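# Coordinate inspection notes
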Amino acid sequence: MTKMTKNKNNNTGHLLRLGLPKGSLQEATLKLFRKAGYIISVSSRSYYPGFDDPEISSMLIRAQEMARYVEDGHLDCGLTGHDWVLEQNADVAEVAELLYAKEGFKPVRWVIAVPESSNIRTVKDLNGKRVATELVGFTKRYLKSRGVKAEVDFSWGATEVKPPQLADAIVELTETGTSLRANNLRIVETIIESTTRFIANKKSWQDKWKRRKMENIALLLHGALAAEEKVGLKMNVPEKAFKKVSSLLSAMHSPTVSALSDAGWYAIDVVIDEKTVRDIIPLLKSAGASGIVEYPLNKVIP
């Protein structure tokens, strides 16, 4: 494996070798790190993104392989799906669960799917059938645990097009189910829900400096995720309208309130769900708030 090089500006002697997922999770992961405060440069022809943190050396690796390289110690840590950790049976430490995926902030599912016209209705109906999937190891173990004997073939891609000619069923990853429906496939059962995990090599996790570095990264990533789909609202409120305005905000986290230099006026600052802003701003204005300012958030650290 190509040796990961130390940043020339690193004067501490410490280096964390970080694996970032190449492929479907790549853009979402880079966006998350940038929101967490890291400046990352990625060349279209390079697998070694540059970090503005000289103590981090990173490498792009397919999520399917990440857990193996972290377990073997080629990487100190990395981000991949929990599904791929299970697929590899990797013995790694889990630093954090990060609830984001390619298209949103919910877990993804691996499902058994069959053509709409198929007679397969339950997992038991897969006895003696052929199943195509990229998640071969986990699927085999799952079917065995359910007492089902089926032929499980590795799929190199375009798995949805394989039934019924090339397979009786597939086990496929889905976030919304749109692609399955577009290929006239019906979900029989969900075999696993998966989220992104920040994982570490167990030896690296025992290293005091590396552990603290990974924990700090996880803290910032969690903060960036907590800020997703939320915004801040600032406003000025006269004392006579304070109770009414406060009642509109009472269902949210307690706002920060401070007295203004003008007697009888208060400044209120609150973090709310972005989707509620268009409804609540007119109500706040009608209740007496003024100088209402909405602002974006990068991180929310509890």
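In case you missed it, the structure is sitting above this.
So, here's what we can say about the structure. (Residues numbered from 1 in each chain as written. Predicted model: local features only at pLDDT ≥ 70, side-chain atom pairs only at ≥ 80, totals over all residues. Heavy atoms only, no water.)

## Some details on the overall build of the chain
This is how it is decided: Think of it this way: any DSSP run of H or I at least four residues long counts as a helix, any run of E at least two long counts as a strand, and we number them from the N terminus. Radius of gyration here is computed from C-alpha atoms only, and the compact-globule reference equals 2.2 Å multiplied by the residue count raised to the power 0.38. We call two residues in contact when some of their heavy atoms are within 4.5 Å. The method behind every accessible area is Shrake-Rupley, applied with a 1.4 Å probe, and residues are considered shielded solely by the protein chains displayed. Neither His nor the chain ends is counted toward charge; the positive residues are Lys and Arg and the negative residues Asp and Glu. All charge positions are set by atom: Lys at NZ, Arg at CZ, Asp at CG, Glu at CD.
Helices and strands together make up the secondary structure of the chain, namely nine helices and 16 strands. For 302 residues, the compact-globule estimate of 2.2 N^0.38 gives 19 Å, and the C-alpha radius of gyration of the chain, at 25 Å, exceeds that figure by more than 25%. In terms of overall dimensions, the chain has a C-alpha envelope of 80 × 55 × 35 Å along the principal axes. A separation threshold of at least 6 residues defines the contact pool for the chain, and within that pool the share at least 24 residues apart is 70%. Working note: accessible area of the chain is about 16300 Å², and carbon and sulfur atoms make up 49% of it. Placing the 43 positive and 36 negative side-chain charges of the chain at their respective mean positions leaves the two points 1 Å apart.

## Quick look at the side chain of Thr 29
Condition: Here a polar contact is taken to be a pair of N or O atoms separated by no more than 3.5 Å, where protein atoms must pair a possible hydrogen donor with a possible acceptor and residues adjacent in sequence count only if both atoms sit in side chains.
Within the secondary structure layout, Thr 29 lies in helix 1 (residues 26-35). Looking at Thr 29, its side chain comes within polar contact range of the main-chain oxygen of Leu 25, at 2.8 Å.

## Re the nonpolar core
Here is the rule we go by: The definition of a nonpolar core used throughout is a set of buried Ala, Val, Leu, Ile, Met, Phe, Trp, Tyr and Cys residues joined through side-chain atoms within 4.5 Å. Buried, partly exposed and exposed residues are distinguished by accessible area as a fraction of the type maximum, computed with a 1.4 Å probe on protein chains only: under 20%, between the cut-offs, and over 50%, respectively.
Counting 31 residues, the largest nonpolar core has Leu 18, Phe 33, Leu 79 and Phe 198 as its most contacted members. Of all the secondary-structure elements, those providing two or more residues to this core are strand 1 (16-22), helix 1, strand 4 (56-62), strand 5 (77-81), strand 6 (93-98), strand 12 (196-200) and helix 7 (208-227). For this core, the leading source of residues is helix 7, giving seven residues. The next biggest cluster of nonpolar side chains, apart from the first, holds 21 residues, and it includes Val 114, Leu 143, Val 152 and Val 188.

## Some thoughts on the pattern of salt bridges
Our working definition: Think of a salt bridge as a Lys or Arg side-chain nitrogen and an Asp or Glu carboxyl oxygen that are within 4 Å of each other.
Applying the stated criterion across every chain, the model contains 15 salt bridges. The partner of Arg 197 in a salt bridge is Glu 94, with the nearest N and O atoms 2.8 Å apart. One end of the pair, Arg 197, is in strand 12; the other, Glu 94, is in strand 6, with 103 residues separating them in the sequence. Measuring nitrogen to oxygen at the nearest pair gives 3.7 Å for the salt bridge that ties Glu 97 to Arg 197. Pair noted here: Glu 97 is in strand 6 and Arg 197 is in strand 12, with a separation of 100 residues, a long-range link. Relative accessible area serves as the criterion here: at 40%, Glu 97 is assigned to the partly exposed category. The network of salt bridges with shared partners includes Arg 17, Asp 76 and Lys 210.

## Some remarks on the pairing of strand 8 (residues 130-133)
How we decide: Pairing between strands requires that DSSP locate at least two bridges from one strand to the other. For the handedness criterion, the strands are oriented away from the viewer, and a crossover whose path from the first strand over the helix to the second runs clockwise is classed as right-handed.
Pairing analysis gives four bridges linking strand 8 to strand 9 (residues 151-154), with the strands arranged parallel. Pairing of Arg 130 across the sheet is with Glu 151, part of strand 9. In this fold, strand 8 hands off to helix 4 (residues 136-145), which returns the chain to strand 9; that crossover is right-handed. Where strand 8 meets strand 10 (residues 169-174), three bridges bridge the pair, whose relative direction is parallel. By the bridge assignment for strand 10, Val 131 is matched with Ala 169.

## Let's talk about the packing of aromatic side chains
For clarity, the threshold we go by: Two aromatic rings from Phe, Tyr or Trp, using only the six-membered ring of Trp, form a pair when their centres are within 6.5 Å; if the ring planes differ by under 30 degrees the pair is stacked, by over 60 it is edge-to-face, and anything between is tilted. Our definition puts a charge over a ring when NZ of Lys or CZ of Arg is within 6 Å of the ring centre and also within 35 degrees of the ring normal.
One pass over the full model with this rule turns up six aromatic pairs. Relative to Tyr 266, the ring of Phe 242 lies with its centre 5.2 Å away and its plane at 50°, an arrangement referred to as tilted. Of this pair, Phe 242 sits in helix 8 (residues 239-249) while Tyr 266 sits in strand 15 (residues 265-273), and the two are 24 residues apart along the sequence. Aromatic ring contacts, followed pair by pair, group Phe 33, Tyr 38 and Phe 51 into a single cluster. Directly above the ring of Tyr 69 sits Arg 68, whose terminal nitrogen or CZ lies 4.7 Å from the centroid. Geometry around Tyr 295 places Lys 234 over its ring, the cationic atom sitting 5.4 Å from the centre.

## Notes on helix 1
Of all the ten residues making up helix 1, seven are buried; the element is thus mostly covered by neighbouring parts of the structure. Contact partners of the buried residues in helix 1: strand 1, strand 2 (40-41), strand 3 (50-51), strand 4, strand 5 and helix 7. Gly 37, located one to two residues past helix 1, shows a positive phi value of around 115°.

## Some details on the sheet that holds strand 12
We apply this condition: Here, axes are lines fitted to C-alpha atoms. For helices the fit covers the stretch in contact, and angles between N-to-C directions go from 0 to 180 degrees.
Read from one edge to the other, the open sheet built from five strands follows the order 4-1-5-12-6, with strand pairing classed as mixed. The sheet terminates laterally at strand 4 and strand 6, the two strands that pair on one side only. For this sheet, the mean inter-axis angle between neighbouring strands, taken without regard to orientation, is 25°. Helix 1 contacts strand 1, strand 4 and strand 5 of the sheet and is inclined by roughly 135° relative to strand 1. Contacts from helix 7 reach strand 1, strand 4, strand 5, strand 6 and strand 12, with the element oriented near 15° to strand 6.

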